[in-house]
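Below are the chains, spelled out letter by letter.
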Amino acid sequence: MDKIIIEGGNTRLQGEVTIEGAKNAVLPLLAATILPVEGKTVLKNVPILSDVFTMNHVVRGLNIAVDFDEALNQVTVDATGAILDTAPYEYVSQMRASIVVLGPILARNGHAKVSMPGGCTIGSRPIDLHLKGLEAMGASIHQEGGDISATAEKLKGAHFYMDFPSVGATQNLMMAATLAEGTTVLENAAREPEIVDLANLLNKMGARVSGAGTETLTIRGVAELHGAEHNVVQDRIEAGTFMVAAAMTSGNVLIKDAVWEHNRPLISKLREMGVDVREEEAGIRVKSDVSKLKPVTVKTLPHPGFPTDMQAQFTALMAVVKGESTMIETVFENRFQHLEEMRRMGLHSEILRDTAMIHGGQRLQGAQVMSTDLRASAALILTGLVAQGQTKVGQLSHLDRGYYQFHEKLAQLGADIRRESED
Ligand code: EPU
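Residues numbered from 1 in each chain as written. Predicted model: local features only at pLDDT ≥ 70, side-chain atom pairs only at ≥ 80, totals over all residues. Heavy atoms only, no water.

Naming follows an unreviewed UniProt entry, where the protein chain appears as UDP-N-acetylglucosamine 1-carboxyvinyltransferase of Streptococcus ferus. Under the Catalytic activity (unreviewed entry) heading, UniProt states for the protein chain: "phosphoenolpyruvate + UDP-N-acetyl-alpha-D-glucosamine = UDP-N-acetyl-3-O-(1-carboxyvinyl)-alpha-D-glucosamine + phosphate". Among the UniProt annotations of the protein chain, the heading Subcellular location (unreviewed entry) holds the following wording: "Cytoplasm". (UniProt positions renumbered as here; feature names shortened; annotations may be inferred.)

Written as structure tokens, this is what we have:
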């Protein structure tokens, strides 16, 4: 069992950091590689993460050739020829995001069987919108033995209003609709940059998707798709994590090539706190003096609201800013578990339903803590940078799902941090 060990208290992060391609973009992009019946698809700027390996397994399991050249950060997929229609429990259970293969397999094969994704610590995460949308497009859906089975000889374009702008449901339905007969309109669709990235790849494959990045997506069905080349968009959550790391350590860090537009909700809250965030030619620079920062209230929302995937890291920043800050989590119902772990480090906080009050600026002390999910792991490591003494963070399988060389990057910025195997 690996642990990350941080000697904290005097860290001031300084320098430049490079950001990987986005995990939450590449997973649906890999699902989209199932669609083309002709030509290879090449994805570039692919991050080396355990979730990417899992998704590669899911796609390979459909009898599709997937080659991951890690030295080049490039995945090449050849989905020509007959493909299978079943995504087995073995991989789907490891990663909820694998549910996004349902739409592409169904659209291409007329039938798809995907295991129901299992439980999740951050919330209940139903998939009703994925299934209702496919039903609106004419699919018949059955659930039995833990599997979802979807059938439609040919999907039909439909108008579908999403009760909530679910990221995964928007992706699943967008991919399914590319090969449907007629036009599909998805209203109240998710608007995340990762949705735009997927639409861009689909259009390069010959699909006709418009409106990505707005709340109405229109997809005109085409007969078939072909392979394409695509660069994965930068990971705005990894970039945001380093912005917060710089802010909470009174640092001065350039986040190279970071995209202002994608990080706008986070940047506006950092600035409200008093952090100096500037756009430079080479990226976004974050400078701060923690002693001068002010507490704020933050509410997570679907994009372009404040991202739930930055909530845990931002509470770590709130913990070092003197005064009462408030975090309201509206996207997932159980995403404050990191606060319980941070309590072990001396954090004073109260949680009432979706709202956490953080009494910031108290003395934090290093402790042994456990990651409870991916973003919690980053938040705990960042807290370790500012807590006095040694912090050991365990359960790193969560971290490895979404951050490439996290501790190495922090060490390069001046943190006293290492990873050890403690068997
Ligand atoms: N929801 C429904 N019904 C559905 C689908 C979703 O009620 O059919 C609800 C969920 O229960 C949740 C909310 O809608 O309360 C948001 O879920 P969404 O479908 O938007 O999330 P997701 O597609 O499952 C992606 C990211 C998450 C990120 C969320 C929200 C990927 C692979 N995952 O999940 O990323 O938190 O969007 O932005 O893109 C992470 O990276 O740490 C992570 C959890």
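Let us keep going from here.
S.K.: Tell me what's going on with the overall build of the protein chain, and back it up with residues and numbers.
M.R.: Within the protein chain one finds 14 helices and 24 strands. Relative to a compact globule of 423 residues, whose C-alpha radius of gyration would be 22 Å, the protein chain shows 22 Å and is just as compact. Taken along the three principal axes of its C-alpha coordinates, the protein chain extends 65 × 45 × 40 Å. Split into buried and exposed, the 423 residues of the protein chain put 58% on the buried side. For the protein chain, restricting intrachain contacts to residue pairs at least 6 apart in sequence, the fraction spanning at least 24 positions comes to 73%. (Helix = DSSP H or I, 4+ residues; strand = E, 2+ residues; numbered from the N terminus. Rg over C-alpha atoms; globule rule 2.2 N^0.38 Å. Buried < 20%, exposed > 50% of the residue type's maximum accessible area, 1.4 Å probe, protein only. Contact = heavy atoms within 4.5 Å.)

S.K.: Quick rundown of the site of the ligand? Include the residues and the values.
M.R.: Near the ligand you find 21 residues, and of these Asp128, Ser166, Asp309, Val331 and Arg375 are the closest. Between the ligand and Arg125 there is a distance of 2.9 Å, counted from an oxygen atom to a side-chain nitrogen or oxygen. The side chain of Arg335 places a nitrogen or oxygen atom 3.2 Å from an oxygen atom of the ligand. If the ligand stood free it would expose 820 Å²; the protein chains cover 85% of that surface. Put simply, the parts of the chain that give the shell around the ligand at least two residues each are helix 1 (23–32), helix 5 (128–136), helix 6 (167–178) and helix 12 (374–386). Examining the composition of the shell around the ligand, we find that three residues originate from one element, helix 5, more than from any other. Split by residue class, the shell around the ligand holds 10 nonpolar, five polar and six charged. (Near = heavy atom within 4 Å. Polar contact = N/O pair within 3.5 Å; in protein donor to acceptor, adjacent residues only side chain to side chain. Areas by Shrake-Rupley, 256 points an atom, 1.4 Å probe, with all protein chains shown as cover. Nonpolar A, V, L, I, M, F, W, Y, C, P; charged D, E, K, R; others polar.)

S.K.: For the domain arrangement of the protein chain, give the residues involved together with the corresponding values.
M.R.: Here the protein chain is partitioned into domain 1 (2–20 + 234–421) and domain 2 (23–231). Domain 1 and domain 2 are separated by 31 Å when their C-alpha centres are compared. Between domain 1 and domain 2, the residue contacts involve 23 residues of the former and 20 residues of the latter. Counting the surface lost from both domain 1 and domain 2, the interface buries some 1900 Å², and carbon and sulfur atoms represent 52% of this. Taken together, the links from domain 1 to domain 2 amount to two salt bridges. At the boundary of domain 1 with domain 2, the tally comes to 11 residue pairs in polar contact (both at pLDDT 80 or more). Top element by residues in the side of domain 1 that touches domain 2 is helix 13 (residues 397–402). It accounts for three residues. Of the residues contributing to the side of domain 1 that touches domain 2, the split by class is seven nonpolar, six polar and 10 charged. (Domains from an automatic or database assignment. Buried area = accessible area lost by both parts, 1.4 Å probe. Salt bridge = Lys/Arg side-chain N within 4 Å of Asp/Glu carboxyl O.)

S.K.: How would you explain the packing of helix 4 (residues 102–109) against helix 6 if you had to name every residue and give the values?
M.R.: The geometry of helix 4 relative to helix 6 is characterised by a closest axis approach of 7 Å and an angle of 15° between their N-to-C directions. As the angle between them shows, helix 4 and helix 6 are arranged roughly parallel. Relative to helix 6, the crossing made by helix 4 is right-handed. Listed contacts from helix 6 to Leu102, Gly103, Pro104 and Ala107 of helix 4 are Asn172, Met175 and Ala176. (Axes fitted to C-alpha atoms, helices over the stretch in contact; angles between N-to-C directions. Parallel < 35°, antiparallel > 145°, perpendicular 65-115°, else oblique. Left-handed = near helix turned anticlockwise from the far one by under 90°.)

S.K.: Can you break down the pattern of salt bridges residue by residue, with the values?
M.R.: Enumeration according to the criterion identifies 19 salt bridges in this entry. Of the charged contacts in the structure, one is a salt bridge between Asp128 and Lys132, with a shortest N-O distance of 3.7 Å. Taken as a pair, Asp128 and Lys132 lie in helix 5 at a separation of four residues, close to a single helical turn. When its relative accessible area of 34% is taken as the criterion, Asp128 is described as partly exposed. Overall, Lys132 belongs to the partly exposed group, its relative accessible area being 40%. When the shortest N-O distance is used, the salt bridge between Asp276 and Arg278 registers 2.9 Å. Note on Asp276: relative accessible area 25%, which makes it partly exposed. Each member of the salt-bridge network shares a partner with another, and the members are Asp2, Asp400 and Arg419.

S.K.: Would you mind going over the pairing of strand 21 (residues 355–360) in detail, with residue names and values included?
M.R.: Relative to strand 21, strand 19 (residues 323–328) runs antiparallel, the two sharing six bridges. Bridging from a neighbouring strand, Thr326 pairs with Met357 of strand 21. Two strands pair when backbone bridges link them, and strand 20 (residues 348–352) and strand 21 are joined in this way by five bridges, in the antiparallel orientation. Each bridged residue has a counterpart across the sheet, and for His348 the counterpart in strand 21 is His359. Between strand 20 and strand 21, which pair antiparallel one after the other, the connecting turn spans two residues, and Arg353 there sits at a positive phi close to 50°. (Pairing = 2+ DSSP bridges.)

S.K.: Could you give an account of the packing of helix 8 (residues 236–248) against helix 12, with specific residues and numbers?
M.R.: How two helices pack is summed up by the angle between their axes together with the distance between the axes. Here helix 8 crosses helix 12 at 20°, and the two axes come no closer than 10 Å. With respect to each other, helix 8 and helix 12 are oriented roughly parallel. In this structure, helix 8 crosses over helix 12, and the sense of that crossing is right-handed. Of helix 12, the residues touching helix 8 (which contributes Ile237, Thr241, Val244, Ala245 and Met248) are Arg375, Ala378, Leu382, Thr383 and Val386. Along the lines of polarity and charge, the residues of the contact of helix 8 with helix 12 split into seven nonpolar, two polar and one charged.

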